[in-house]
Amino acid sequence: MSPRITTLENGFRIVTEPMPGLASAAVGVWIDAGARNEAAEENGIAHFLEHMAFKGTARRSALRIAEEIEDVGGYINAYTSREATAYYARVLGADVPLAIDVVADIVRNQLLEPREIETERGVILQEIGQALDTPDDIIFDWLQETAYPDQPLGRPILGPADCVRRFSREDLARFVATQYGPGQMILAAAGAVDHDHIVTLASAQFGDMPARDPVPVAGARFCAGERRVERELEQAHVALAFEAPDCRSDRLYTAQIMATALGGSMSSRLFQKLREERGLCYTIFAQAGAYADTGMTTIYAGTGGADVAQLTQTIIDEIRRAGDDMSEAEVARARAQLRAGLLMGLESPSSRAERLARLTAIWGRVPDVAEAVAKVDAVTTADVRDAAGTMGGDGRAALALYGPVAGAPDLAALTRRLVA
């Protein structure tokens, strides 16, 4: 059965996709308000609000929010990304009205009690501290900041501790008032759902919200840069990034297949060359991600300090070689992996609901799966070689290094090696 979309008069969108044979459903509200929507002094506030959603509403205590969903065997959760905040639940089909009621309640009726704000402030500061103590976590924040310096897209989702310590109830309420408009919201549901019933439920919960224009978001510009933090650690952590196509570009499929062939699996070039043949690392991978107006191909590896120079240089050499001799078999394997990942994800109502929300936000519609598969299958070996061969060709790349990295070449030396 095909997805259906209904838009209420205030701009609130509802998208559903029944999955025959399923007893359960996933339902949630995705809001076009993430870290990228924050002013510099607000960095981290979208994530703070995500935490506060579970701290109580006018109708439910924090405990009741959890109990009402868990009493029927379901679960409820949320996350914040750079471009969205999501609140979602998974329940049996008969309990979808309850799930929508609870999700709507925590989205629209947060109490933001001062005592709870202080409690959650401490929790988030602990979360920030944990991230700082996790090298293969914090290095990606540093890479993002290096790729998009002094830009909203480059700021960390958790925010800096100084900002988190300053947030007041008024700050949180103001962000909701400006960023949580009905035109920025999508209710997505998949599994044991009926579209017309979902529309009726959603209309009752969100139809009274006054329409308003969204706040413009600053554009992003990928830049070249390096961040090197030397510290006594067991491993040197290396993260390298190149600009990739944005989420509306058909070239994104090429970038994803190229990243998969380069470092997306155990059979990929980087895994085979650096781990299996040379034993230079335990973990290495490549991936291509996309935003509304830019994207980023990222390569990450961890190695010993004595091997960091050889590892970084070999990564560059493999990228350059991929532009010359990426084989038909490698591209076919990467296409199969991307295709299978797409289709397997559709077997989960949670994954499907998230896909519905994401594609509705991007395109205003939900393209048929066959359309996406056709675009994956249309990518040629020549396309992949060209994508690999042009990575960093303009000298723009971002590099983050953490740990015993004194021996690592600088970014200029690596990009020179790439085009030599």
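Our structure is the block above this text.
Below is a summary of the structure that appears in this document. Only a predicted model underlies this, so the values are computations on that prediction, with no experimental measurement involved.

1. Observations concerning the environment of Gln-184
In step 1: In this structure, Gln-184 sits in the loop between helix 7 (169-179) and strand 6 (185-191).
In step 2: Taking relative accessible area as the criterion, Gln-184 reaches 5% and is therefore assigned buried.
In step 3: When the C-alpha positions of Gln-184 and Ala-33 are compared, they lie 7.5 Å apart, and in sequence the two are 151 residues distant.
In step 4: Here Gln-184 is in contact with Trp-30, Ile-31, Asp-32, Thr-178, Gln-179 and Pro-214, once residues within four sequence places are set aside.

2. Structural notes on the nonpolar core
In step 1: Counting residues in hydrophobic clusters, the biggest one holds 51 residues, and the most contacted among them are Tyr-87, Val-107, Tyr-180, Met-185 and Leu-187.
In step 2: The element best represented in this core is helix 3 (residues 96-108), accounting for eight residues.
In step 3: Membership of the second largest hydrophobic core comes to 45 residues, among which are Ala-236, Phe-271, Ala-372 and Ala-387.

3. Comments concerning the sheet that holds strand 6
In step 1: Strand order across the open sheet formed by six strands is 1-2-6-3-5-4, with mixed pairing between neighbours. What marks the edges here is a single partner per strand, and that holds for strand 1 (4-7) and strand 4 (75-80). Strand-to-strand, the axes of this sheet are offset by a mean angle of 15°, without reference to chain direction.
In step 2: With six bridges joining them, strand 4 and strand 5 (residues 85-92) adopt antiparallel strand pairing. Within strand 5, the position partnered with Asn-77 by the bridge is Tyr-88.
In step 3: Most of the contacts of helix 8 (residues 195-206) go to strand 2 (residues 13-18), to which it runs at about 155°, and overall it touches strand 1, strand 2, strand 3 (24-31) and strand 6.
In step 4: Where helix 13 (residues 349-363) meets the sheet, its contacts fall on strand 1, strand 2, strand 3, strand 4, strand 5 and strand 6, and the angle it forms with strand 6 comes to roughly 145°.

4. Let's talk about the sheet that holds strand 9 (residues 284-290)
In step 1: What the five strands build is an open sheet, ordered 7-11-8-10-9; its pairing is mixed. In the strand order of this sheet, the two ends are held by strand 7 (225-230) and strand 9, each with one partner. For this sheet, the mean inter-axis angle between neighbouring strands, taken without regard to orientation, is 10°.
In step 2: Together, strand 8 (236-244), strand 9 and strand 10 (295-303) form the strand contacts of helix 11 (residues 308-325), whose direction differs from that of strand 8 by roughly 25°.

5. Section: the side chain of Thr-80
In step 1: Position of Thr-80 relative to the elements: it lies in strand 4.
In step 2: Look at Thr-80 and you get buried, because its relative accessible area is 11%.
In step 3: A polar side-chain atom of Thr-80 sits 2.5 Å from a polar atom in the side chain of Glu-50.
In step 4: Leave out the neighbours within four places in its chain, and Thr-80 touches Gly-34, Ala-46, His-47, Glu-50, Thr-85 and Ile-157.

6. Describing unusual backbone geometry
In step 1: With phi around 55°, Leu-112 is a residue other than glycine that occupies positive phi space.
In step 2: One can find Leu-112 in the loop between helix 3 and helix 4 (114-132).
In step 3: The phi dihedral of Asp-150 falls on the positive side, at around 55°, and the residue is not glycine.
In step 4: Looking at the element boundaries, Asp-150 is found in the loop between helix 5 (135-147) and helix 6 (161-166).
In step 5: Under the relative-accessibility criterion, Asp-150 is labelled exposed at 81%.

Rules and cut-offs
Residues numbered from 1 in each chain as written. Predicted model: local features only at pLDDT ≥ 70, side-chain atom pairs only at ≥ 80, totals over all residues. Heavy atoms only, no water. Helix = DSSP H or I, 4+ residues; strand = E, 2+ residues; numbered from the N terminus. Buried < 20%, exposed > 50% of the residue type's maximum accessible area, 1.4 Å probe, protein only. Contact = heavy atoms within 4.5 Å. Core = buried A, V, L, I, M, F, W, Y, C linked by side-chain atoms within 4.5 Å. Pairing = 2+ DSSP bridges. Axes fitted to C-alpha atoms, helices over the stretch in contact; angles between N-to-C directions. Polar contact = N/O pair within 3.5 Å; in protein donor to acceptor, adjacent residues only side chain to side chain.

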